[in-house]
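A structural walkthrough
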Amino acid sequence: QVQLVESGGGLVQAGGSLRLSCAASGRTFTNYAMGWFRQAPGKEREFVAGITSGGAFTYYADSVKGRFTISRDNAKNTVYLQMNSLKPEDTAVYYCAARRIQVAEYTYWGQGTQVTVSS
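Residues numbered from 1 in each chain as written. Predicted model: local features only at pLDDT ≥ 70, side-chain atom pairs only at ≥ 80, totals over all residues. Heavy atoms only, no water.

1. Observations concerning the side chain of threonine 113
Within the secondary structure, threonine 113 sits in strand E11 (residues 113-118). Overall, the relative accessible area of 12% leaves threonine 113 in the buried class. Within the local environment of threonine 113, its side chain forms a polar contact with the backbone nitrogen of glycine 9, the two atoms lying 3.2 Å apart. Non-local contacts of threonine 113, meaning those with residues more than four positions away in its chain, are made with Glu6, Ser7, Gly8, Gly9, Leu20, Ala92, Val93 and Tyr94. (Helix = DSSP H or I, 4+ residues; strand = E, 2+ residues; numbered from the N terminus. Buried < 20%, exposed > 50% of the residue type's maximum accessible area, 1.4 Å probe, protein only. Polar contact = N/O pair within 3.5 Å; in protein donor to acceptor, adjacent residues only side chain to side chain. Contact = heavy atoms within 4.5 Å.)

2. Observations concerning the packing of aromatic side chains
Per the stated rule, a full pass over the model turns up six aromatic pairs. A ring pair is formed by tyrosine 32 and tyrosine 108, whose centres lie 6.1 Å apart and whose planes are at 75°; its orientation type is edge-to-face. Taken as a pair, tyrosine 32 in strand E4 (residues 32-39) and tyrosine 108 in strand E10 (residues 108-109) lie far apart in primary sequence, 76 residues in all. The residues tyrosine 32 and tyrosine 108 share a single accessibility class, namely buried. (Phe/Tyr/Trp six-rings, centres within 6.5 Å; stacked < 30°, edge-to-face > 60°.)

Structure (structure tokens):
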């Protein structure tokens, strides 16, 4: 089992920044690739960003590319999502997720943290 706890959400004006954190516990953190997803009201959950287990490779949804940055600190068992130039359409509950290396599906999820961007 992997436990994931997100923090850092809140209310911000358009153009502002937030940094989300996700603390992991329970298993060897470096055995897992990590991702951030989000779900807006009335919409399906969507992928936002991902990072490989060692942190060498990152990938992003087109909607956040150039504005969001995913990173991880394996010494602290934590993954981050730096969000800049926020837009009202970024408003959603953001979830951290983990998937075992060489497994396609994310199997562990956090409880989510609300991000609200006002116009």
